[in-house]
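Listed below, chain by chain, are the residues.
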Amino acid sequence: MSSNLFKKILWVFDPLLFSFKYISRKKWALYAVIIAAIISTIARLYVPLLIGDSVSSIENLDLRGLEYFAILIIVVTAISAAFQFIVNYGSQFIGQTYSFNLRNNVFNHLVRKSFSFFEGQTTGDLLSRTTMDIEASRNFITSTLSQLIPTIFMIVFGLYFLLTINWVYAAVFILSVPLMVYIGMVFQRKQRLHWRSIRGYYGRMNEELQENIIGQRTIRGFSAEEWEISKFMSTTDSYYQEYVQVAKLRGLYNNLLPLVLGGAATVILIYGGYSSLISSASVGPLVAAINIFTLVSPSVSSIGRLIVFSENARAGIQRINDVISEEYVEKLDRGAGAPLSSDLEFENVSFSRGNRKILDSLSFSISGGEFVGITGKTATGKSTLVNLMLRFYDPDFGSIRIGGVDIRSLPLTVLRRMISIVPQEITLLSGTIRENIAYGSPGASMDEIRSAADIANISAFIETLHEGYDTLVGERGITLSGGQKQRIAVARAILGKPQVLILDDSTSSVDPETELEMFRMIKSSLRGMTVINVTHRHSAMKYADRVFKLDHGSITLLHDESGMQDASGVSRIPGEEGDPSA
Amino acid sequence: MRLEYHGFQERREIHLPKLQTYDETEDQYFGKIDTRGSLERLIRDMFSFRNDSRQVIITVFVTAVAGTLYPLSLGLAINSILSRNSAGLVFYGILFLLLYIVQFFSNRIRTISSTRVAQSTIKSLRDRALGNLQRVPLKFFGNVKTGYLISRITNDGEALSEFLTFQLPQVISGISTVVISISIMFYLDWRLTLYALIAIPALIGFTFAIQPRVRRNYLGTRRTIAAITGNLSENINAIRLIKSFGAEDRTAEQFSKLNGNNYRSNMKAQRLSSIYGSIIRVIEAAGITTVIIAGGVQLVSGLVTIGIMVAFVVYLQEFFDPVVQLSQTYTSYQSAMVGVGRIYAIIDTEGEKAEFRGSISAGFGKSIDIKDMSFSYGDENAIDSISMSIPKGSKIGVVGHTGAGKTTLSNIIMKFIDTTGGSVTIDGLDLRSIETSSYRKLIAPVLQEQFLFRGSIYDNVIFNRPDISRETVDRLSVSFGFDAIFAGMDHGLDTSIGEMGRNLSEGQRQAISIMRALVREPEILVMDEPTSQIDPESERVIMAALSKYLAGRTLILITHRFSMISLVDNIIVLDHGRKVEEGKFEELLKSGGTFAKLYGIQTEV
Ligand SMILES: Nc1ncnc2c1ncn2[C@@H]1O[C@H](COP(=O)(O)OP(=O)(O)OP(=O)(O)O)[C@@H](O)[C@H]1O
Ligand SMILES: Nc1ncnc2c1ncn2[C@@H]1O[C@H](COP(=O)(O)OP(=O)(O)OP(=O)(O)O)[C@@H](O)[C@H]1O
Ligand SMILES: [Mg+2]
Ligand SMILES: [Mg+2]
């Protein structure tokens, strides 16, 4: 029972232990804060005694003594204030160092997490982990150092000073402290659930805002402005309601604390007053006792608050731990060196999502320098297939080899430099066109950038812009047309001179003429590079040496350069780009 | 260009996006933040919640009076002790307790009503900010960063929430305690009060002297945290890109830099406020000492009683407590004021011009006519004096090279943007004079950049029209062959599609966006590359159903896929913003222009 309680008390300090990792080299600050807290607390508690003494000297008409105590009050306060500065600043220093290091660590893990991790998360949630949750634990650490530790000393020394005055005062104090702490804890328990919902609604607010900003055209296009506003308002309303619930709890429990204090002070006043009235003793000690009481009580009542902080911090740390655990983290540099050729081989590759088999025992190979087309119905798994090559996902069974080496034994950085992808959904970052093209190779020269843009058939357009390559594109490339974005992404992918280039439907918004020109340039300028072009367009296959079709998890060769059909007798691509008069 | 593999390239110079300058860009779009103006406005906003704010004022007053009377009753109790009056001791002792009880009740009410005021205010600020985002011109979104904008409404709102909910009530009761304490002190003994307050001018002067610096510090912390949020949300959304190009280290380094900025500005702010807190303590002690000495001297000359002096000391402490608290709250006050200023800036961003919003309710009886219309995004014309007519029931195809201005044209027809020259009219009325939302209700778009919301496929198709039944969606899905596209989904159309539809294939996403438009049965259908990522077989099924569906409707179809051209009866060819050809399919094919060339390339086998 008692060991249980002891554990619980230690639990409160759990976040502090967690934080040690992140302040390791600044431990001295921690010690300095604790020592300063002790000194400052003693000095602060000494002041009421001095006030009591000076009241006594006035009673005795001892002006000299009065002067002496008055000066002492200022000196002692100044000492206490100086050390208090160390406590405040030092605890902020530790807290900020902690959150700085932790945030860096979280981010470092975050960018190394695999796709499977991100698919289970929302941006809003990840954002709140890296901001709110870290803030919660920092808050606890800062306030533990600047409040909890001083408070503990305050209680200890306060008790000691009271004992030196009168044991009855000390007894009243001992009785009221646990009561105040208990009230504080009950309150915290009760409000915890509400805080959890508040955090949930906060996350939802983040998400809805993001949808409203990124999806603004869709919202306007469907006249859904009012709809979205009312959706958001219902979120902010739930948020509001939770806050009011918390306020109701606070209104009761928080104000019970001063009431307990008032009761205790009254007891001391009447008891102390009565006894000095009888014994005609000095009232100085009584004044000092009441003074100590008013000084200590606010800190005692803040213990409850610190316990919640600790609970919030623990919840936050748990969520942060999900991110900084090694689970889902990709090992970027593990493995042997680079393979010599870029021949790709798929052997019995299977991949499922849940109970859906997307790829079923695929086997095929692409030799280095080939231009290969892949087609197939919507949602058959073409993107999934090409993502496997970069190890964005790993197959459930089977293996993929490049130059005879299993890609799982290659360092990811090597693999991803060998293979470059233009994904189906293009991401451009806010910045200039040049920065976007050079994203993968920040050291590229202007000539290299220009020649990549040439091949992607976008240089002519860029040069018509006033600022040319230094033109800013808005977030997500908002100021470019669909086809322009795709071609910039192509330029970006070929700039690093990969051995394998994957184009995942990267010309879907480009007109046929520009598309053809681009493929011609790729084929003629980038000899030796393997190109895998995923497309629905027949015309885009013109330069393909071979075309594969993906269907229900298996792959078949549709035709090769000579126009031969594969053995299974699958017909050539039917006249898919149908006859308009049909 | 020869292809060579270099193994590990050593990291060369790193290009960091110029994040600092983004602050300046933002300032330019939002205008400078005016803390004082924001405060006045905030107060007005808070008082608009009448009942609750009235309760707050009353209870604050009651609490303050009760709170300031108890040192007095303490002093009087001590005087009773000294004069050996036990009845007086008990009387004042009980009064002492009663005052605590009064405080308990009034504080309870105050806590609740002040939270109501605070949270209602924040709710209304957030709601208004989002509301205004729906009204600003679309080009606004081309200039600001999503993460930064979100940070204003959430993070900054949170800073304000902290302050209004937890600190402000303390501030108010603190200030009223100060005022009432001083009045009582004056009443008790005006001379001693003057001595007691001797330190106040120093306090005030000191506080005001450092104010600008404190504010600057807090603006710094708010900005640097916004930069962190902005950077994070951009990077999380771009995670695929980062991984594809192995930019993990570089991205982390960049983040660390922003994180460091935040660390430094926080430390800077904390240093100042810690010093402030300590100095206030010393000033307090000086005040107490003055009272004791001056009181002692007066006591000797019989001008003051000991009880009164004790009450003074307690009053001084009571008085400095809120002041010290104020100094701590001051940080959070500054932080909140900067935050609220940043939210007001969103609320104040100018919406679309009134003359563009229009007021006449839309009707579509005859035709939409475009005459010599031009549009420019800034420098050159993206649309260069185009004329065309879209009679009711016609099917128009728009084709042309990438970047020719097709999407821009559709944006003008959707009334997303205003023309810079020429005119667009519907049934002879200028489009500007037509009330936007009534006009858009005639139209359903399939945008080139479709957007999906979190939720299920159904949720996305139905979207803002809960009156559309699931049966309608199912029927549509079957007749257009979309059911085949979603055949494998775990829960059919109830499958949840992840944030922005990330758990779907691109073709599936496009299918949803087509369904969303079709299910609304609009008079006018505007489709921008609707099937660019859909396989030809599925496309054929869609087209077959579409040709029936379109009977009596008007269609504007932008496409690079000439297989879709059979749907339209008139084709417009754009090139560099100009209309270069117009006519029926056979005519254009015969004339041998741009269209014939593009068509030839795509259909050649
Ligand atoms: N992150 C994900 N979570 C769950 N399911 C997914 C996810 N990504 C894809 N899928 C599912 O896997 C299947 C294959 O998707 P994939 O994107 O590989 O198709 P695709 O062949 O590229 O289609 P498209 O031609 O439309 O681009 C689809 O049914 C899709 O719904
Ligand atoms: N928000 C914007 N700000 C500035 N310029 C823009 C903006 N949107 C488009 N542009 C420019 O206007 C021109 C026309 O773009 P638009 O999107 O209309 O082309 P498009 O014909 O739809 O091309 P695509 O076939 O590639 O989709 C392009 O050069 C583009 O860079
Ligand atoms: Mg795909
Ligand atoms: Mg377009």
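Rules used throughout
Residues numbered from 1 in each chain as written. Chains lettered and ligands numbered in written order. Predicted model: local features only at pLDDT ≥ 70, side-chain atom pairs only at ≥ 80, totals over all residues. Heavy atoms only, no water. Domains from an automatic or database assignment. Buried area = accessible area lost by both parts, 1.4 Å probe. Salt bridge = Lys/Arg side-chain N within 4 Å of Asp/Glu carboxyl O. Polar contact = N/O pair within 3.5 Å; in protein donor to acceptor, adjacent residues only side chain to side chain. Helix = DSSP H or I, 4+ residues; strand = E, 2+ residues; numbered from the N terminus. Nonpolar A, V, L, I, M, F, W, Y, C, P; charged D, E, K, R; others polar. 1 Å grid on protein atoms, 1.4 Å probe; cavity = no way out; pocket = protein on both sides within 12 Å on 5 of 7 lines; lining within 4 Å. Points joined across faces, edges and corners; volume = space filled by probe spheres on them. Near = heavy atom within 4 Å. Areas by Shrake-Rupley, 256 points an atom, 1.4 Å probe, with all protein chains shown as cover.

> So what exactly am I meant to see when it comes to the domain arrangement of chain A here?
Many descriptions give the size of an interface as the accessible area lost when the pieces come together. Residues and elements named next belong to chain A. Parsing chain A into structural domains produces domain 1 (2–324) and domain 2 (344–560). Across the domain 1/domain 2 interface, buried area totals approximately 430 Å², and carbon plus sulfur atoms make up 52% of it. If you look at where domain 1 meets domain 2, you find 1 salt bridge. In this structure, the salt-bridge partner of Glu 119 is Arg 353, at a minimum N-O distance of 3.4 Å. Counting across the interface, domain 1 meets domain 2 through 2 residue pairs in polar contact (both at pLDDT 80 or more). Broken down by element, the residue count for the side of domain 1 that touches domain 2 peaks at 3 residues, all from helix H5 (residues 115–119). Of the residues that constitute the side of domain 1 that touches domain 2, the class distribution is 2 nonpolar, 1 polar and 1 charged.

> Whenever I open this one, empty space enclosed by the protein confuses me. Can you help?
If a probe as big as a water molecule is rolled over the atoms, it shows which places are left empty. In the structure shown here, the tally under the stated rule is 7 cavities of 30 Å³ or more. Put simply, the largest cavity is a space of about 80 Å³. Top contributing element to the lining of the largest cavity by residue count: strand E4 (residues 421–426) of chain B, with 3 residues. The calculated volume of the second largest cavity comes to roughly 60 Å³. Lining the second largest cavity, in full, are Ile 421, Val 422, Pro 423, Thr 427, Ala 489, Arg 492 and Ala 493 of chain A together with Arg 240, Leu 241, Ser 244 and Phe 245 of chain B. When residues of the lining of the second largest cavity are traced back to their parent elements, those giving at least two are strand E6 (419–422) and helix H16 (482–495) of chain A together with helix H9 (239–244) of chain B. The residue makeup of the lining of the second largest cavity, split by class, is 7 nonpolar, 2 polar and 2 charged.

> Where do I start with the domain arrangement of chain B in this structure?
One can read the domain layout of chain B as domain 1 (32–188 + 332–351), domain 2 (190–303) and domain 3 (395–403 + 429–603). Using only C-alpha atoms to locate each centre, domain 2 of chain B and domain 3 of chain B end up separated by 56 Å.

> Honestly, the site of ligand 2 in this entry has me stumped. Any pointers?
In the neighbourhood of ligand 2, 20 residues make up the surrounding shell, with Ser 481, Gly 483 and Gln 484 of chain A together with Thr 407 and Thr 408 of chain B lying closest. Each of chains A and B places residues next to ligand 2. A distance of 2.7 Å is found between an oxygen atom of ligand 2 and a side-chain nitrogen or oxygen belonging to Ser 481 of chain A. Tyr 377 of chain B has a polar side-chain atom sitting 3.3 Å from a nitrogen atom of ligand 2. For ligand 2, the accessible surface in isolation is 640 Å², of which the surrounding protein chains cover 85%. Only H16 of chain A together with helix H13 (406–413) of chain B provide two or more residues apiece to the shell around ligand 2. For the shell around ligand 2, a count of residues per class yields 6 nonpolar, 13 polar and 1 charged.

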